[in-house]
Amino acid sequence: MVVNVKNMIDDELFFGHKACAGCGGSLALRAALKVLGPNAVAALPAGCMSAVGFNFPQLAFANNAMITPFAATASVLTGIEAGLRAQGKKPDDCTVVGFAGDGGTADIGLQALSGAIDRNDDVLYICYDNEAYMNTGIQKSSLTPFGAKTTTTPAGSNVHGCLTQKKNLFEIVAAHGIPYAATASVGYLNDFIRKVERARDVHGTRYIHVIAPCPTGWGCGVDETVDIAKDIVDTGLWYLAEYEGERVSGQPGGRFRLNRDPKQFASVPAYLRRQGRFRAFSDDEVAAVEQGRDAKWEVMRREWRG
Ligand SMILES: Cc1ncc(C[n+]2csc(CCOP(=O)(O)OP(=O)(O)O)c2C)c(N)n1
Ligand code: SF4
Ligand SMILES: [Mg+2]
């Protein structure tokens, strides 16, 4: 039976943590662990989810979990998987899973992730993307979107927040020829859960990139997390997609698939207005963001069908 939010286990494997109200990252972890079960072995680098999950003596994980150095999530996953294999454990019995933030994945952890994919280690890597270094006080990462205010990309009348575009990590990972990769959002939880389940059952390296709003850093209400995580998909500024490498898809070069097409996009200005971090956006900048979105969707609609 396919797992969804209605039939997933009632057991809580990530609870009692110290995340802010409305934290999207903690929602992603909670749901993913319910799919992976109590035998999953988790590794988390420095970041909000390790800061809120490991407060001795109040460990918030019911399964085995450990903290890694900031750069080393994927390398530690590799080591855990080798250790479990040496003990005679079967990969189907205990998924080795990493939960790392956008900074820990797209910046300092990228070489370790790239190495793990290159070796095709049998691990699942989940990046919860809250679009900045939240745990250290909201600094820009390479996944911070254009125009977002952070403490290192201030926004006012002269400068309008982040000057760079969000790095396209999903496609960078796919370009390695990874067996399975997907994008997701905590606003579409059934889609995320389905992808975690799919990733659990594929062997080799798997990667899921889940958008996880952070009310503290995004400047939105704590009751808006799920709505905003839906909105980012409905506006077309984020997309739900999968990639299957050659060995899984049977197609040379692998196959991309678009899982959801909003057809008519929701309003980008309305999405931006809900969040304090985008307050300095000008009309021209909004138009440029919409143009970039349209160009991306044209390619995806043409090439990522079916
Ligand atoms: C080598 C190293 N550099 C810097 C830090 C400080 N540090 C701890 S958490 C963190 C931010 C992590 O950001 P991200 O990976 O996006 O996760 P988030 O906090 O947003 O959940 C930083 C910079 C560290 N722990 N180790
Ligand atoms: S700062 Fe953001 S990511 Fe960190 S615990 Fe709070 S809501 Fe979650
Ligand atoms: Mg982050």
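Residues numbered from 1 in each chain as written. Chains lettered and ligands numbered in written order. Predicted model: local features only at pLDDT ≥ 70, side-chain atom pairs only at ≥ 80, totals over all residues. Heavy atoms only, no water.

**Student:** I'd like a description of the pairing of strand β8 (residues 206-211), backed by residues and values.
**Tutor:** With respect to burial, β8 is a largely interior element, 6 of its 6 residues being buried. Of the pairings in the sheet, the one linking strand β6 (residues 124-129) to β8 comprises 6 bridges and is parallel in character. Residue pairing in the sheet places D129 in a bridge with I211 of β8. Across 6 bridges, strand β7 (residues 180-185) lies against β8 in parallel orientation. If you follow A181 over to β8, its bridge partner there is Y207. After leaving β7, the chain enters helix α7 (residues 189-201) and then returns to the sheet as β8, a path that is right-handed. (Buried < 20%, exposed > 50% of the residue type's maximum accessible area, 1.4 Å probe, protein only. Helix = DSSP H or I, 4+ residues; strand = E, 2+ residues; numbered from the N terminus. Pairing = 2+ DSSP bridges. Right-handed = clockwise from strand over helix to strand, strands pointing away.)

**Student:** Can you break down the coordination of the magnesium ion (ligand 3) residue by residue, with the values?
**Tutor:** Within the protein, the atoms that donate to the magnesium ion (ligand 3) are D102 (OD), N130 (OD1) and A132 (O), at distances of 2.0 to 2.1 Å. Donor residues for the magnesium ion (ligand 3), ordered by position in the chain, follow D-x27-N-x1-A. Residue D102 is located in helix α4 (residues 102-107), and its partner N130 is located in the loop between β6 and α6 (169-174); the two are separated by 28 residues in the primary sequence. Assessed through its relative accessible area of 8%, N130 is described here as buried. (Donors = N, O, S within 2.8 Å, 3.2 Å for Na, K, Ca; no water.)

**Student:** Any chance you could break down the site of ligand 1 for me, citing the residues and the numbers?
**Tutor:** Around ligand 1, the structure places 16 residues, and the nearest of them are G103, G104, Y128, A132 and N135. Within the backbone of G103, a nitrogen or oxygen atom sits 2.9 Å from an oxygen atom of ligand 1. Burial of ligand 1 by the protein amounts to 72% of the accessible area it has alone, namely 590 Å². The greatest single-element share of the shell around ligand 1, amounting to 3 residues, is contributed by α4. Considered class by class, the residues forming the shell around ligand 1 number 8 nonpolar, 7 polar and 1 charged. (Near = heavy atom within 4 Å. Polar contact = N/O pair within 3.5 Å; in protein donor to acceptor, adjacent residues only side chain to side chain. Areas by Shrake-Rupley, 256 points an atom, 1.4 Å probe, with all protein chains shown as cover. Nonpolar A, V, L, I, M, F, W, Y, C, P; charged D, E, K, R; others polar.)

**Student:** Go over the environment of M1 with me, naming the residues and quoting the values.
**Tutor:** Among the structural elements, M1 can be located in the segment before α1 (24-36). The exposure class assigned to M1 is exposed, which follows from its relative accessible area of 86%. The residues contacting M1, other than those within four sequence positions of it, are N7 and E197. (Contact = heavy atoms within 4.5 Å.)

**Student:** Give me the lowdown on the UniProt feature "domain: Thiamine pyrophosphate enzyme TPP-binding" (unreviewed entry) in the chain, citing residues and values where you can.
**Tutor:** UniProt marks residues 47-210 with the feature "domain: Thiamine pyrophosphate enzyme TPP-binding" (unreviewed entry), using the numbering shown here. Here residues 47-210 runs as 34% helix and 19% strand, with 15 Å between its end C-alpha atoms. (UniProt positions renumbered as here; feature names shortened; annotations may be inferred.)

**Student:** Got a sec to walk through the site of ligand 2? Specific residues and values, please.
**Tutor:** Near ligand 2 you find A19, C20, C23, C48, N130, C214, P215 and T216, and these make up its full shell. A class-by-class count of the residues in the shell around ligand 2 yields 6 nonpolar, 2 polar and no charged.

**Student:** Account for α7, with residues named and values stated.
**Tutor:** Here α7 contains 13 residues, and its C-alpha end-to-end distance of 19 Å stays within 8% of the 18 Å for a straight helix at 1.5 Å per residue. Within the sequence span of α7, burial applies to D191, F192, I193, K195, V196, E197 and A199. The inward-facing, buried residues of α7 abut α1, β6, β7, β8 and β9 (241-244). (Expected span 1.5 Å × (residues − 1).)

**Student:** Tell me what's going on with the pattern of salt bridges, and back it up with residues and numbers.
**Tutor:** By the definition in use, this model includes 25 salt bridges. Between E303 and R302 there is a salt bridge, with its nearest N and O atoms 3.5 Å apart. Linked through salt bridges whose partners overlap, the residues forming this network are D191, R194, K195, E242 and R257. (Salt bridge = Lys/Arg side-chain N within 4 Å of Asp/Glu carboxyl O.)

**Student:** Explain the nonpolar core to me, and be specific about the residues and the numbers.
**Tutor:** Ranked by internal contacts, the top residues of the largest apolar core, which has 39 residues, are F99, I126, F192 and I208. For this core, the secondary structure elements donating two or more residues are α1, β1 (41-44), α2 (48-53), β5 (96-101), β6, β7, α7 and β8. When residues of this core are assigned to their parent elements, the largest contribution, 7 residues, is made by α1. (Core = buried A, V, L, I, M, F, W, Y, C linked by side-chain atoms within 4.5 Å.)

**Student:** Explain the side chain of S142 residue by residue, including any values.
**Tutor:** Of note, S142 is situated in the loop between β6 and α6. A polar contact is formed between the side chain of S142 and the side chain of D107, at a distance of 2.4 Å. With residues up to four places along the chain from it excluded, the contact list for S142 reads A106, D107, Q165, K166 and K167.

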